[in-house]
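# Commentary on secondary and tertiary structure
Each chain, letter by letter, is given below.
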Amino acid sequence: MIVKIVGIHGSPRPQGNSTVLVDAVLEGAKEKGAEVRSFNLNALDIKGCQACGACHKNKDIFCVQKDDMQGIYEAIADADAVVIGSPIYMAQMSAQTMLFLNRLYAFMYTTQDGKSHFKIGPKRVVTVYSQGAPMAGHYVPYFDMSDASFGMMLQGKVEGRIVCANAYTDELIADAREAGKKLAE
Ligand SMILES: Cc1cc2nc3c(=O)[nH]c(=O)nc-3n(C[C@H](O)[C@H](O)[C@H](O)COP(=O)(O)O)c2cc1C
């Protein structure tokens, strides 16, 4: 079976640290035979969640907003794993990445008994965070919280996290490639 992986670029910088590291994860996976594709959030038309609730009332659609999230929903629904990279802005993920995360709400729906269900199967997840602060441990509580949200909305578990403090190194690139190879297994 060919493993399908979707990469999400949350940095507006085409050669940003998180961009390069997400690509390294995807390259590692590709080397092991995975089928990969990626989305650059900053280049896409993605609106914020309107909290209309239509997604939770209808299990047959993802979101009523017909913007570029539609392609991302389809790609993720069809994938086995998702690699999400974001810069840290003001101690949090980029606004582009947060829009994406909010819109993942559409993967859920609620039945009449009030119970929540998912429209997609579980995804394996790797996250990449890039910060200016030189101490890699500085934002760990925030990364834990963000990973929990990504994991929950993608019905899976974050099984790898790459943290880039200031600038990526050969060692980090190697770690990212290794994480990609594991995802492709
Ligand atoms: C608007 C803005 C806010 C930032 N806020 C933080 C911050 O709170 N903490 C931090 O460590 N770095 C901060 N940075 C630095 C970025 O996290 C850092 O440059 C990172 O490498 C950017 O990711 P990228 O290379 O993937 O684009 C900020 C940068 C920008 C542009």
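These figures come from a predicted structure and were not determined experimentally.

### Some thoughts on the site of the ligand
- Taken together, 15 residues lie around the ligand, and Ser11, Arg13, Ser18, Ile88 and Tyr139 are the ones closest in.
- Take Ile88: an N or O atom from its main chain is 2.6 Å from an oxygen atom of the ligand.
- At 3.0 Å from a nitrogen atom of the ligand is found a main-chain nitrogen or oxygen belonging to Gly132.
- The protein chains hide 70% of the 640 Å² of surface that the ligand would expose on its own.
- Every element with two or more residues in the shell around the ligand is listed here: helix H1 (17-31), strand E3 (81-89) and strand E7 (124-131).
- In terms of residues, the shell around the ligand owes the most to one element, E3, which gives three residues.
- Of the residues that constitute the shell around the ligand, the class distribution is seven nonpolar, seven polar and one charged.

### Considerations on the environment of His117
- Assignment of secondary structure puts His117 in strand E6 (residues 116-118).
- We classify His117 as partly exposed; its relative accessible area is 27%.
- Separated by 10 residues in the primary sequence, His117 and Phe107 place their C-alpha atoms 8.5 Å from one another.
- Apart from the residues within four sequence positions on either side, His117 is in contact with Phe107, Met108, Tyr109 and Thr111.
- Here the side chain of His117 touches Thr111 through a polar contact of 2.8 Å, side chain to side chain.

Cut-offs used in this document
Residues numbered from 1 in each chain as written. Predicted model: local features only at pLDDT ≥ 70, side-chain atom pairs only at ≥ 80, totals over all residues. Heavy atoms only, no water. Near = heavy atom within 4 Å. Polar contact = N/O pair within 3.5 Å; in protein donor to acceptor, adjacent residues only side chain to side chain. Areas by Shrake-Rupley, 256 points an atom, 1.4 Å probe, with all protein chains shown as cover. Helix = DSSP H or I, 4+ residues; strand = E, 2+ residues; numbered from the N terminus. Nonpolar A, V, L, I, M, F, W, Y, C, P; charged D, E, K, R; others polar. Buried < 20%, exposed > 50% of the residue type's maximum accessible area, 1.4 Å probe, protein only. Contact = heavy atoms within 4.5 Å.

By themselves, these figures tell us nothing about what the structure is for.
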